[in-house]
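What follows is the residue order along each chain.
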Amino acid sequence: MARPRSVLIATTCAALGALVLTALPASAAPPGPPGPRPHPVREDGGTDDTAASLPPRALGTLDRAADPAAAARPGAGYPRRTALTVPPADPADKSLKLGLAPYHALAPRLNALQRLGDRVSVEVAGRSAGGHELYLVTVTAPESAGQSREQERMRESIENAPASAAKDPRIKAAYKTPVLINNNIHGNEWEGTDAALKLIEELATATDRKTAGLLARTRIYLNVTANPDGRIAGTRANADGFDLNRDFVTASQPEARAIRRIAIDKQPAVMLDLHGYVNGTLIEPTTPPHGENYEYDLFLKNSYANALGMEKAVNGLGYTPAKDGVEPAVIPFRDMPEGWDDWPPIFTPQYMPFQGAVAAHTVEFPMAVNNEEYDTLPVAELRRRSAINTAIAGAAMRATLDYTDAHRASVLADQIETFRRGAAGEPQRPVSPETVPGVPGIGPEDVYTTTFPRAYVIPAGRSQRSAVAAARLVDHLLANDVRVGQAKDGSYVVDLRQPKRGIANVILADGRDISADVSTMYDISGWSLGRLWGATVRTVERGPVPAVARAVHAAAPTGSVAPRGDLLLRLDDPKELAALNALLARGVAVRRTEHGAAVVPGSARQAARELAERYGVVFAATKERGTAPLARTRVVASAASGELFALREMGFEVVPVSAERLNAGFRWAPGDVLYVSRGLDWAELTPAARSALRAGGAGVVAVGADGAAFNAAAGLLRVTAVAGNEDANGVVRVRAADSPLASGAPGHAFVYGPLWFTGLGAGVRAELTYAPVAPLVAGHWRASADGTGGPADAAGRAAAVSGRAGYGAPVALIGTEPLFRDHPKGSFALVGRALLAR
C-alpha cells in the first residue's frame, strides 16, 4: 500500500491555508482490465506539436535563464536560504484538478520547508520560457563555508585531476555524493514534483540515524519542476512549444540550459528523471542501441543495479493489476528487445553521463492522468491515479538514495574513472558478462563503442559564414564544459584527452549509420553539430595535435564593418538573416545581389556596427549595386513549434495560422509569405480563402510531406513528391545549386521522413540535391517494407526545388527538415532566402 501522508504535511498544509500539496483522498474507481502496453516508439511522431497559438517572443532573447551559480553564492555554506517570491494564485492551474500542487503553491511551500530546520536550501536556477522561476532545492547536512569550499575543491579534483582524485583519501572519506532528481520536464506528467515535496519534508524533519548518515554523505538536488509553463497549462511542452526532453544537444530553451548548468556545477553521480505514463512502471536502463560515446560499462553496472532496487521498491508498494490497475515494473534492458533506446543525447538522462553521472534513469509512472484521461475521467479517479503515481515516484526516489548511499564508494570511484579515462585518452571497455558482472543478458547487440580521434580542429574560417558558424560551435562546446584551445593561426583545437571527451565527440563527430542495427528508433538517430551547424570541423585521427597558444573561454569576436563605401552582408547564416531583418525593420534600403547576398548602403554604417557587434556578422566592402530591393517579410506560418522559434530567431515577423483562421477572412499584406510544414490542408480552405491567398500574391515555402501535399492540392509547382520511409531520420549529404536561394548552403542537411522531387516541370529548378551515392551519413534510414523509400532511391534526386506559381508568386518546396527543433542551424538560411524571394 502507499505510504500515508505525514502529520507534518497536514500541519504545514493547514498553516499555508488553501495550498494543495499532495493528492487528496478519493474513492477508487474499480479498475478495468489492463490493456496492451503501448509500444514506446515514435512518441508524437517525433516532431513538435503545431504551435499556432503560441504568442510571439521578443527577438534576440537568447537566454532567459539566470546562471544558478550566481544564486549559489560561492563560498557560502549550507543551508542557503532564499525567500522566494510568491506568484499570484492561478485557479486555472491544471494541477489542481488532480489534487496536486499548483505552481503558485510551490514558492510558499518551499519557503516553509526552509524554515523547518537547517537541511533545506532553495535557489532560483533560472526562468522558464514563460517567465516562471525554476526552483532548485538542496537537501544535505549543514556545512560551514569552509566545508563547502572543501566540497567544491574535491568536486573539481574529481573532474580535473581524476587520477589524483582516485587516490585522495579525503575524497573517499568526506566527499558528499551528488544526486539529482529532475521532475516534471514534461508539464503534463506532474507527480514527480509532489513526490519531491514529500521527500524534502521527510528528509528535513527525520530524526533517525539513517537519514542523518545519508545527509552527511550526500547532497540531494531536486529540480522541483523543470517545466512550470507546462505544469500550469497541462501541456507536454513549455511556453515556446518545445518538448524540453528533446532539447539537450541543442539547448535552445532556457529550461534545458538551466538543467545543463546544474549538471555542470553540481556534477551528479546519480540522476533520476520522473515521467509518465507507461503501465507497468518503466525504469531505465534501455534497450539497444546504446550511446556510443558513454563509458557504458560503468554506466550499465550502476544503472541496472539501481533499477533493480527501484523495481523492488515500486512493486513493494503492493499495487496489483486486479486491485489497482497497476502492472509490475519493467526494466527495458532486461524485458524488451528494442524500442526504447539511449542512442541520442537529447534526453535528460542520456545527457547526464557526459557530465559525470554513472547511473541515470527515466522513470515512467503507470497511471495515465493527462490528455484524453484528464478530460474524460472523473476527478475522483484522476486523484486516485495521481496518488498512486506520487507514491511510486517517491519509492523510486527513496530507492535511489538508498542505492547511492549503500554503494557510495564504488559510485564515486566509477565517476572518477569516467573522467580519468577521458583525460588519459584510454579506449572504452565494451560491455560483456566479464566487464559488467551481475547484469544478465548482455550480448553483442549491446556493444556500442567508438574510437575517439586524437583531436578536432575548427578553423576560425576565412569565409564570413564559416567564421560565424565556428564561433557558434565553439561557444556551444564551452557551454557544455568542453575544453577548447586556440592555435596561433586562430583555429580552435579540441583535444580529446580531456575528462568530458564524450560530449565533445557527441557535438563534433559525424555519428554513424545504425540502420542495420534495429528495426526502428524511438527518436532521432543523427544530430552532428559539426555537419549541421555550418562550421568546418577537421578530425585529427592520430599523431601530433596543433599547438595551443591559449585556453579559450569564449569564441573570438567575428563581427566587423568595412570602413568606407557600401557594405555586403552574406545571407548564409541565421545570424546574418537576423541582422538583415533588423536593418529592414529600421527602414534601411537594402538590395539583393544575383547570388542572394544583401547590399547595405554606406549611410547605414552605424546601424551595421551595432548589428555586427550584436550578431557577430561581417559587413564587407562592396561595389555591387544589387539587382532588386529587399523588403521586410511577414511569415504566415502553419508549422511546428521549433520551426516558429527558428523563424523568429532569424528576425522574421511570424503570424501562426490555421485553416480556421485563414477561412475567417485573414488579410494578406503585400510581401507576405506562407510557410507550411504541417497542419494546413488546402482542401479545408474555403474558395474565398484560396482566392485571398492568390490575390494577395503570397509566396509559399512548403516543407515536408504536408508541405508537398499542400503544393500538389493547390497546383503551385509541377513536380512529383516522392516520400521516403517515414521512420527515417538523420544527417545526409546534399549538393547546393549556385543560385540566389541555395548559394552558400552547407553540404549536409537533416531529414525526418525524407522527401524528394521528380518530374520537375518547366521553370522548376533543383536547389538542393541528395548526394549521388550513399547520401546518409548518420542516422537510421531503411527502405520501407516494399523495398522502396530508402537512401538509394533518394540518391541524386532533388531535395529542394523552386519556381513560380501560376499567379506569379515564388514557391519553394523542401524535402529535408531545415528548421527541425531549432537544430540544423546551417540550413536555416535556405529557408530565410526563400522567404525573402520576390
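Data block above holds the structure.
Now for a description of the structure that goes with this document. (Residues numbered from 1 in each chain as written. Predicted model: local features only at pLDDT ≥ 70, side-chain atom pairs only at ≥ 80, totals over all residues. Heavy atoms only, no water.)

In this section: the overall build of the protein chain. Assigned secondary structure in the protein chain consists of 28 helices and 32 strands. In summary, the protein chain has a C-alpha radius of gyration of 27 Å against a globular reference of 28 Å for 838 residues, a match within 12%. Every one of the 838 residues in the protein chain was classed for burial, and the buried ones make up 62%. If you take every contact in the protein chain between residues at least 6 apart in sequence, the share linking residues at least 24 apart comes to 80%. For the protein chain, the accessible area works out to roughly 29,600 Å², and carbon and sulfur atoms hold 54% of it. Here the protein chain holds 90 positive side-chain charges and 87 negative ones, and the gap between their average locations is 6 Å. (Helix = DSSP H or I, 4+ residues; strand = E, 2+ residues; numbered from the N terminus. Rg over C-alpha atoms; globule rule 2.2 N^0.38 Å. Buried < 20%, exposed > 50% of the residue type's maximum accessible area, 1.4 Å probe, protein only. Contact = heavy atoms within 4.5 Å. Areas by Shrake-Rupley, 256 points an atom, 1.4 Å probe, with all protein chains shown as cover. Lys, Arg positive; Asp, Glu negative; His and termini not counted. Charge placed at Lys NZ, Arg CZ, Asp CG, Glu CD.)

Now for the packing of aromatic side chains. Tallied over the entire structure, the rule returns 21 aromatic pairs. Summarising the aromatic geometry, the rings of Tyr304 and Phe333 are spaced 6.2 Å apart at their centres and angled 65 degrees between planes, so their arrangement reads as edge-to-face. Of this pair, Tyr304 sits in helix H11 (residues 296-315) while Phe333 sits in helix H13 (residues 332-335), and the two are 29 residues apart along the sequence. No difference in accessibility class separates Tyr304 from Phe333, as the two residues are buried. On the numbers, 6.5 Å between centres and 40 degrees between planes, the contact of Trp756 with Trp781 is tilted. Here Trp756 is found in strand E28 (residues 755-758), whereas its partner Trp781 is found in the loop between strand E30 (776-780) and helix H27 (791-794), with 25 residues between them in sequence. For the pair Trp756 and Trp781, one class covers both residues: buried. Joined through ring pairs, the aromatic side chains of Tyr294, Tyr296, Phe299 and Phe354 make up one cluster. (Phe/Tyr/Trp six-rings, centres within 6.5 Å; stacked < 30°, edge-to-face > 60°.)

Further remarks concern the pattern of salt bridges. Scanning the model with the defined rule gives 46 salt bridges in all. For Arg109, the salt bridge goes to Glu201, with nearest N and O atoms at 2.7 Å. Taken together, the residues span a long stretch of sequence, with Arg109 in helix H3 (residues 103-114) and Glu201 in helix H7 (residues 191-205) at a distance of 92 residues. Of the two residues, Arg109 and Glu201, neither departs from the other in class, the shared state being buried. Through salt bridges with shared partners, a single ionic network connects Glu295, Asp297, Glu417, Arg420, Arg421, Glu426, Arg429 and Arg501. (Salt bridge = Lys/Arg side-chain N within 4 Å of Asp/Glu carboxyl O.)

Turning our eyes to something else, we now look at the sheet that holds strand E2 (residues 133-139). Taken in spatial order, the 7 strands make up an open sheet running E1-E2-E4-E3-E5-E9-E6, and their pairing is mixed. On the outer flanks of this sheet lie strand E1 (120-127) and strand E6 (282-283), each paired with one strand and no other. In this structure, E1 lies alongside E2, joined through 7 bridges in antiparallel fashion. Bridge pairing links Val120 to Val139 in E2. Contacting E1 and E2, H3 runs over the sheet at an angle of about 30 degrees to E2. (Pairing = 2+ DSSP bridges. Axes fitted to C-alpha atoms, helices over the stretch in contact; angles between N-to-C directions.)

Turning our eyes to something else, we now look at helix H23 (residues 641-649). With 8 of 9 residues buried, H23 lies mostly within the body of the structure. Residues of H23 that are buried sit in contact with strand E21 (634-638), strand E22 (653-656), strand E23 (673-676), strand E24 (699-703) and helix H28 (828-836). Phi turns positive one or two residues past the end of H23, at Gly651, with a value near 90 degrees.

Across soluble globular proteins, nonpolar side chains have a tendency to be buried as a group. Of all hydrophobic cores here, the largest spans 138 residues; its most connected members are Leu110, Ile458 and Val494. Those residues within four positions of Val494 in sequence are excluded, and the remaining contacts are Ala455, Tyr456, Ile458, Leu477, Val482, Arg483, Val484, Ala504 and Leu508. Ala604, Leu768, Tyr770 and Leu836 belong to the second-largest nonpolar core, a separate cluster that totals 62 residues. (Core = buried A, V, L, I, M, F, W, Y, C linked by side-chain atoms within 4.5 Å.)

It is worth spelling out the side chain of His361 at this point. Checked against the element boundaries, His361 lands in strand E9 (residues 359-365). Assessed through its relative accessible area of 0%, His361 is described here as buried. Polar side-chain contacts of His361 include one of 2.6 Å to the backbone oxygen of Glu284. If we skip the residues at most four places from it in the chain, His361 touches Met271, Leu272, Asp273, Ile283, Glu284, Pro285, Ser303, Asn306, Ala307, Met310 and Pro349. (Polar contact = N/O pair within 3.5 Å; in protein donor to acceptor, adjacent residues only side chain to side chain.)

A few words now on empty space enclosed by the protein. Unfilled space is identified by rolling a water-sized probe across the atoms. Scanning the model with the defined rule gives 9 cavities of 30 Å³ or more in all. Within this model, the largest cavity holds a volume of roughly 150 Å³. Taken together, 17 residues line the largest cavity, and the ones lying closest to its centre are Asn293, Tyr294, Glu295, Pro353 and Thr418. Of all elements in the fold, only H11, helix H17 (408-424) and helix H19 (501-508) reach the threshold of two or more residues within the lining of the largest cavity. (1 Å grid on protein atoms, 1.4 Å probe; cavity = no way out; pocket = protein on both sides within 12 Å on 5 of 7 lines; lining within 4 Å. Points joined across faces, edges and corners; volume = space filled by probe spheres on them.)

Our focus in this paragraph is the sheet that holds strand E12 (residues 492-495). In sheet architecture, strand pairing relies on hydrogen bonds along the backbone and comes in two forms, parallel and antiparallel. Taken together, the 5 strands give an open sheet; going across it, the order is E13-E10-E12-E11-E14, and neighbouring strands pair in antiparallel fashion. In this open sheet, the two edge strands, each paired with only one partner strand, are strand E13 (538-540) and strand E14 (550-551). Here strand E10 (residues 455-458) runs beside E13; their pairing, made up of 3 bridges, is antiparallel. Residue Tyr456 lies in a different strand from E13, and its bridge partner there is Thr539.

Turning to the packing of H3 against H7, a few remarks are in order. Their axes nearest at 11 Å, the elements H3 and H7 cross at an angle of 15 degrees. The orientation of H3 relative to H7 falls into the category roughly parallel. Judged by the sense of rotation from one axis to the other, the crossing of H3 with H7 is left-handed. Across the interface between the two elements, Leu106, Arg109, Leu110 and Leu113 of H3 pack against Thr193, Leu197, Ile200 and Glu201 of H7. Along the lines of polarity and charge, the residues of the contact of H3 with H7 split into 5 nonpolar, 1 polar and 2 charged. (Parallel < 35°, antiparallel > 145°, perpendicular 65-115°, else oblique. Left-handed = near helix turned anticlockwise from the far one by under 90°. Nonpolar A, V, L, I, M, F, W, Y, C, P; charged D, E, K, R; others polar.)

This brings us to helix H26 (residues 704-714). Within the sequence span of H26, burial applies to Gly704, Gly707, Ala708, Phe710, Asn711 and Ala714. Down the axis of H26, the buried set is contained in an arc of 155 degrees. They therefore lie on one face. As for H26, its buried residues are in contact with E23, helix H25 (687-695), E24, strand E25 (720-723), E28 and strand E32 (810-814). (Arc of directions from axis to C-beta.)

This part takes up unusual backbone geometry. Looking along the chain, the bond that leaves Tyr78 and enters Pro79 is cis, with omega of 10 degrees. With respect to the helices and strands, the residue Pro79 is situated in the loop between helix H2 (68-71) and H3. Going from Pro288 to Pro289, the amide bond is cis rather than trans, its omega being 0 degrees. Position of Pro289 among the secondary structure elements: in strand E7 (residues 287-290). A positive phi angle, near 55 degrees, is found at Ala251, a position not held by glycine. One can find Ala251 in the loop between helix H9 (228-233) and helix H10 (254-266). Assessed through its relative accessible area of 9%, Ala251 is described here as buried. For Asn371, which is not glycine, the phi dihedral falls at a positive 55 degrees.

By themselves, these are just geometric observations and shouldn't be taken as functional.
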